[in-house]
Amino acid sequence: MTLLVLEHVGIRFGGLKALDDVSLLVAAGEIVGIMGANGAGKTTLFSLIAGHQKPGSGRILFDGRNIAGLRPDAINRRGIARTFQIVRPFRSMTVRENVMIGALFGTGTDETLAAAQIDATRILEEVGLAAEADLPAGALTLAGQKRLEIARALATRPRLLLLDEVMAGLTPTEVAAARDMIRRLHKDHALTILIIEHVMTALMELGRRIVVLHHGLKIAEGTPDEIAASPLVQEAYLGQPAA
Amino acid sequence: MTGPRASSLAIYFAAAAAMALLPFLAGTYYLGVGLALLSWIALAQSWVLLSGMTGYISLGHAMFYGLGGYLTVLTWQQWPLWISLPAAGFAAAVAALLLGWPVLRVRGPYFVILTYGLAELMKFVVIDIEAKLGKFGRLLMGAPSLETLYWIMLALALVATLATYLVRRSRFGAGLRAIRENEEAAETLGVPVVRFKLFAFAASAFIPGIVGGTMALRTAYFEPFQAFNPVVSFTIVVMAMIGGSDDAPGPILGALLLVVLQELLWVNAPELYLIILGLALIGFVLFVPDGLHGRLSRKRHGSDGRSRERPREHPA
Amino acid sequence: MADLLSTQLLFAALVTGALYGLTALGLNLVYGTMRLLNIAHGEFVMLGAFAAFWAFTLADIPPLVALPFIVLLTAAAGLAIYRGLFRGLLRNPRLAERIESNSLLLFFGLSIVLQNVAAALFTATPRALPYLDSIIRIGDLGMATDRLATLIIAASVALAIVLFLRFNLLGLAIKALIQNREATQIVGIDVEKIQRTSFALGFGLAGLAGGLVSMLGQITPFMGFPYTITAFVVIILGGLGNLGGGLIAGLLLGILETYGVALTSTNYRSILIYGVFILILVIRPQGLLGGRRIAR
């Protein structure tokens with residue numbers, strides 16, 4: 001069943017075409033990796049899906065309905081959650097309170113603070129932050145704050161989760177742990193995941209399908225093996241065709 | 001988010017009881033001071049609903065105070081009080097809704113200056129209207145007694161304090177605080193940011209509208225320069241900064257301190273009073289941004305071994 | 001009400017515009033280099049005006065002669081504030097963050113303090129400075145000498161500063177700092193020195209405006225705030241940190257105000273200014289002339 005459809009989506013910033021005629025189909029339950037050089041348009045893509053910006057052209061269908069132009073909170077209530085590349089914790093609130101916000105406001109909202117607290121505690125355990133639950137969010141390490149981003153997004157009970165470079169800045173051990181956690185969450189919560197990553201190994205291991213963006217255009221789409229072998233992709237990344 | 005401590009609630013009740021007994025114990029002068037104290041508590045609590053919770057610092061709350069006063073004065077002896085006062089509140093709230101739509105899109109220091117500018121604009125518009133009507137200050141005949149007004153103000157202060165207390169512990173309040181911490185992240189997590197901000201704005205205007213009306217009756221005189229005086233806005237902000245703008249006890253503390261200061265200084269040295277207020281604003285913003293209540297509650301939580309919250313930064 | 005097309009009205013508009021441009025320039029310098037919204041700017045105009053008044057009343061020094069000293073006085077005050085308040089406080093990163101996000105409230109507190117210190121010291125009685133009261137007539141146009149002097153001095157100083165920013169090394173460094181703080185640091189410019197200079201310059205300009213204004217109207221401890229508000233309207237109109245834009249916007253606002261008041265009445269002056277202010281902030285906060293969003 002197709003969950004997310006992008007039809008000829010494009011957006012301009014001033015004179016620059018940040019995204020140019022991008023089309024994409026995502027089936028429920030997939031993990032799709034998005035890769036591309038900096039400035040390729042990856043985060044812009046997430047921005048459009050999550051509602052922070054309106055596409056200049058094209059349609060974005062979630063569960064069959066057009067969501068382009070809706071505000072981010074409305075989109076979240078439809079079932080899409082995202083993390084931010086540069087983490088945005090609610091610094092003065094505790095880790096648990098951060099996650100409670102997601103529980104209180106996403107889809108199928110918790111109405112009471114008490115219910116949200118229970119849900120938040122459970123999610124923190126899944127994500128491995130249970131020990132830090134009562135610390136102020138600002139006190140976490142970067143790896144911890146990235147997990148918090150994921151936990152918060154998860155608390156909104158999404159069907160589609162957009163992960164934006166959650167592994168940036170992590171050590172190889174941390175990367176492996178994050179990769180395993182994402183796999184686990186994907187299974188336990190029946191999620192569909194779109195994941196942007198520069199950490200190639202993790203991306204290739206997680207994504208069953210990879211999409212490559214370059215200068216706002218989708219230049220390739222396929223399995224990790226196909227992408228790795230694609231001369232087009234190699235040229236975009238390395239600047240010359242492989243011998 | 002812990003439950004209420006018995007000692008805190010006891011303090012609230014004691015304070016409310018003390019204020020309720022005042023008319024029976026005190027003479028006219030101190031009853032007047034009590035009235036002033038209650039009015040500031042009501043104003044500061046309402047301000048905290050918006051600015052404390054969301055971080056959108058309003059420096060123009062005098063506009064709701066003045067608007068409510070103006071409406072009450074205009075309908076004096078035409079509408080009974082139990083209609084005109086709530087109407088003043090609703091008018092202020094509606095004004096906030098209408099103004100809030102464009103105004104709340106502006107952030108940080110822009111919002112601060114904008115609210116200041118709006119209050120001033122409203123002041124000059126009312127001055128102009130009054131001038132066209134040929135009125136230069138209005139006298140009110142047959143205003144209610146000080147004691148009646150006192151009871152009204154006590155009710156307002158209680159409602160405002162209760163509102164802040166409840167909101168702070170509600171889902172709505174959690175959403176507002178998320179907006180304060182990081183508006184974009186909050187919106188991404190499903191917090192209906194636009195709706196919540198508007199509602200907080202309107203809610204924060206309602207009681208000040210009624211307080212304005214009540215105070216107009218207290219002085220039995222309405223004059224736009226006084227009713228829309230920016231010093232009112234300024235005083236509210238200083239009270240909340242000194243007392244604490246995160247929870248209900250803060251404004252009470254702040255109002256108490258400032259009324260004491262006023263009593264000591266206003267008659268003989270009004271400039272000194274304002275100088276101290278200005279210095280207090282600077283000092284507290286820099287060194288005690290949580291206000292006194294924030295500091296005290298952090299110390300308390302710290303010794304309990306529970307959540308040690310970092311001081312909240314005011315995005316003014 | 002003067003005839004709308006008269007040169008008289010145009011002259012008045014130019015004088016007002018020049019003064020607005022001058023005050024806005026000072027405000028923009030401080031904001032552009034340090035991102036501080038000095039809402040106490042008008043109080044330094046007020047201090048400059050009082051300085052001129054006391055110099056004249058106590059020592060018979062004419063305002064035009066006293067001007068350079070007034071500028072030095074307020075510039076020194078600016079430096080003192082910079083050294084005392086900011087350099088010390090900005091060293092602490094926690095405080096630095098608070099200062100930047102709360103500079104408005106902080107300066108607001110400062111303005112209240114300054115207004116009331118002045119009121120306590122000088123009393124609130126309005127003062128006036130009778131000087132250069134004569135009128136020069138050229139054809140239909142009658143120009144009060146004090147206004148003419150104001151126009152000439154304000155315009156010359158504004159021009160001098162524009163040239164300074166364009167051709168002088170320090171001036172260019174100031175422009176660089178306004179445009180890109182990090183880049184300026186990287187190329188080895190002494191940011192500290194530029195900030196000091198901008199502060200001194202900004203406050204000095206406020207004092208200059210105050211000295212000029214002292215000849216034109218009443219002097220009271222509370223006269224500063226309208227100048228602050230107009231300065232803010234102007235710099236927002238022209239785009240925050242856009243020095244040239246501020247000058248143009250100052251002129252524009254002066255023209256708008258003068259002709260607006262002529263069309264309606266003096267009562268509408270405040271309504272006009274605050275109205276424009278609110279409209280700009282809500283509709284186009286980057287200003288008419290501001291391109292990039294510098295703040296947010």
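Quick notes on the rules
- Residues numbered from 1 in each chain as written.
- Chains lettered and ligands numbered in written order.
- Predicted model: local features only at pLDDT ≥ 70, side-chain atom pairs only at ≥ 80, totals over all residues.
- Heavy atoms only, no water.
- Helix = DSSP H or I, 4+ residues; strand = E, 2+ residues; numbered from the N terminus.
- Expected span 1.5 Å × (residues − 1).
- Contact = heavy atoms within 4.5 Å.
- Buried area = accessible area lost by both parts, 1.4 Å probe.
- Salt bridge = Lys/Arg side-chain N within 4 Å of Asp/Glu carboxyl O.
- Polar contact = N/O pair within 3.5 Å; in protein donor to acceptor, adjacent residues only side chain to side chain.
- Nonpolar A, V, L, I, M, F, W, Y, C, P; charged D, E, K, R; others polar.
- Axes fitted to C-alpha atoms, helices over the stretch in contact; angles between N-to-C directions.
- Left-handed = near helix turned anticlockwise from the far one by under 90°.
- Buried < 20%, exposed > 50% of the residue type's maximum accessible area, 1.4 Å probe, protein only.
- 1 Å grid on protein atoms, 1.4 Å probe; cavity = no way out; pocket = protein on both sides within 12 Å on 5 of 7 lines; lining within 4 Å.
- Points joined across faces, edges and corners; volume = space filled by probe spheres on them.
- Parallel < 35°, antiparallel > 145°, perpendicular 65-115°, else oblique.
- Pairing = 2+ DSSP bridges.
- Core = buried A, V, L, I, M, F, W, Y, C linked by side-chain atoms within 4.5 Å.
- Patch = residues over 30% accessible without salt bridge, like charges linked within 9 Å, V, L, I, M, F, W, Y side chains within 5 Å.
- Areas by Shrake-Rupley, 256 points an atom, 1.4 Å probe, with all protein chains shown as cover.

What follows concerns helix H11 (residues 268–283) of chain C. Between its first and last C-alpha atoms H11(C) spans 22 Å; for 16 residues at 1.5 Å apiece the expected length is 22 Å, and the two agree. Buried residues in H11(C) make contact with helix H4 (81–103) and helix H5 (108–132) of chain B together with helix H1 (7–34), helix H9 (224–238) and helix H10 (243–263) of chain C.

On the side of chain C, 37 residues touch chain B, which itself brings 39 residues to the contact. Together chain B and chain C conceal approximately 3600 Å² of surface at their shared face, both sides included; 76% is due to carbon and sulfur atoms. Linking chain B with chain C are 0 salt bridges, by the criterion used here. Along the contact surface separating chain B from chain C lie 3 residue pairs in polar contact (both at pLDDT 80 or more). Among the secondary structure elements, those contributing two or more residues to the side of chain B that touches chain C are H5, helix H11 (230–243) and helix H13 (270–287) of chain B.

With 29 residues of chain B at the interface, the matching set in chain A holds 30 residues. Both sides together, the interface formed by chain B and chain A hides about 2500 Å², and carbon and sulfur atoms give 62% of it. The interface formed by chain B and chain A includes 2 salt bridges. Our count for the chain B to chain A interface comes out at 10 residue pairs in polar contact (both at pLDDT 80 or more). At 6 residues, helix H7 (residues 171–181) of chain B tops the list of elements feeding residues into the side of chain B that touches chain A. Along the lines of polarity and charge, the residues of the side of chain B that touches chain A split into 12 nonpolar, 6 polar and 11 charged.

Moving on, we get to the packing of H5(B) against H11(C). Taken N-terminus to C-terminus, the directions of H5(B) and H11(C) make an angle of 145°; their axes are 9 Å apart at the nearest point. Every pair of crossing elements has a handedness; the one defined by H5(B) and H11(C) is left-handed. Along its contact with H5(B), which presents Tyr110(B), Ile113(B), Leu114(B), Tyr116(B), Gly117(B), Leu118(B), Glu120(B), Leu121(B), Phe124(B), Val125(B), Asp128(B) and Lys132(B), the element H11(C) presents Tyr268(C), Ser270(C), Ile271(C), Tyr274(C), Gly275(C), Phe277(C), Ile278(C), Leu281(C) and Val282(C). Taken together, the residues of the contact of H5(B) with H11(C) break down into 15 nonpolar, 3 polar and 3 charged.

Turning to the pattern of salt bridges, a few remarks are in order. All names here are of chain A. Applying the stated criterion across every chain yields a total of 29 salt bridges over all chains. For Asp 73, the salt bridge goes to Arg 77, with nearest N and O atoms at 2.9 Å. A residue pair is termed a helical-turn pair when its members lie 3 or 4 positions apart in one helix, as Asp 73 and Arg 77 do in helix H2 (residues 72–78) at 4 residues. Classification of Asp 73 by relative accessible area gives buried; the value is 7%. Residue class for Arg 77 comes out partly exposed when judged on its relative accessible area of 31%. For Arg 157, the salt bridge identified is with Asp 119, shortest N-O distance 2.9 Å. Placement of the pair is Arg 157 in the loop between helix H5 (142–155) and strand E7 (160–164) and Asp 119 in helix H4 (residues 113–127), with a sequence separation of 38 residues.

Below, the discussion takes up empty space enclosed by the protein. Counting across every chain of the model gives 4 cavities of 30 Å³ or more. The space that makes up the second largest cavity amounts to roughly 70 Å³. Taken together, Ile282(B), Leu286(B), Leu85(C), Phe86(C), Leu89(C), Ile99(C), Leu106(C), Phe107(C) and Leu110(C) form the lining of the second largest cavity. When residues in the lining of the second largest cavity are grouped by element, the largest group, 4 residues, is from helix H4 (residues 93–122) of chain C.

Here we take up the arrangement of the chains. Where 2 pairs of chains are in contact, the pair with the most contacts is made of chains B and C. Structurally, chain A and chain C remain out of contact, their C-alpha atoms never closer than 12 Å.

Between its terminal C-alpha atoms helix H9 (residues 193–219) of chain B stretches 39 Å, which fits the 39 Å expected from 27 residues at 1.5 Å a residue. Summarising burial for H9(B): 20 of the 27 residues are buried, a large majority.

Residues and elements named next belong to chain C. Interhelical geometry of helix H5 (residues 145–167) versus helix H8 (residues 191–216) gives an angle of 165° and a closest axis separation of 9 Å. Considered as vectors, H5 and H8 are oriented roughly antiparallel to each other. Taken as a pair, H5 and H8 cross one another with a handedness that is left-handed. Touching Asp 146, Arg 147, Thr 150, Ile 153, Ala 154, Val 157, Ile 161 and Phe 164 of H5 are Leu 201, Leu 205, Leu 208, Leu 212, Met 215 and Leu 216, all from H8. A per-class count over the contact of H5 with H8 returns 11 nonpolar, 1 polar and 2 charged.

All names here are of chain A. Taken in spatial order, the 4 strands line up as E2-E1-E4-E5 in an open sheet, and their pairing is antiparallel. Since the sheet does not close on itself, it has two edges, and those belong to strand E2 (16–27) and strand E5 (65–66), each with one partner. Judged from the 2 bridges that link them, strand E4 (residues 57–62) and E5 form a sheet pairing that is antiparallel. For Leu 61, the partnering residue across the bridge sits in E5 and is Asn 66. Running at roughly 115° to strand E1 (residues 2–13), helix H1 (residues 42–50) makes contact with E1, E2 and E4 of the sheet.

Residues and elements named next belong to chain A. A positive phi angle is found at Asp 21, which is not glycine, with a value near 55°. Locating Asp 21 in the fold gives a position in strand E2. The exposure class of Asp 21 is partly exposed, given its relative accessible area of 46%.

A word on the nonpolar core. Core analysis: the biggest nonpolar cluster contains 255 residues, and Ile101(A), Met167(A), Val211(B), Phe108(C) and Phe199(C) have the highest contact counts within it. Sorting elements by how many residues they give to this core places helix H2 (residues 28–54) of chain B first, with 15 residues. With residues up to four places along the chain from it excluded, the contact list for Phe108(C) reads Leu59(B), Tyr116(B), Phe234(B), Leu281(B), Ile39(C) and Phe225(C). Ile11(A), Ile49(A), Ile60(A) and Ile196(A) belong to the second-largest nonpolar core, a separate cluster that totals 29 residues.

Below, the discussion takes up the side chain of Ser103(C). All names here are of chain C. As for its placement among the helices and strands, Ser 103 is situated in helix H4. There is a polar contact of 3.4 Å between the side chain of Ser 103 and the backbone nitrogen of Leu 37. The contact partners of Ser 103, leaving out residues within four places of it in the chain, are Arg 35, Leu 36 and Leu 37.

Next up on the list: a nonpolar patch on the surface. Residues and elements named next belong to chain B. Taken together, Leu 21, Phe 24, Leu 25 and Trp 151 make up a surface patch of nonpolar side chains, about 470 Å² in accessible area. When residues in the nonpolar patch are grouped by element, the largest group, 3 residues, is from helix H1 (residues 6–25). Relative to the helices and strands, Leu 25 resides in helix H1. Judged by its relative accessible area of 69%, Leu 25 falls in the exposed class.

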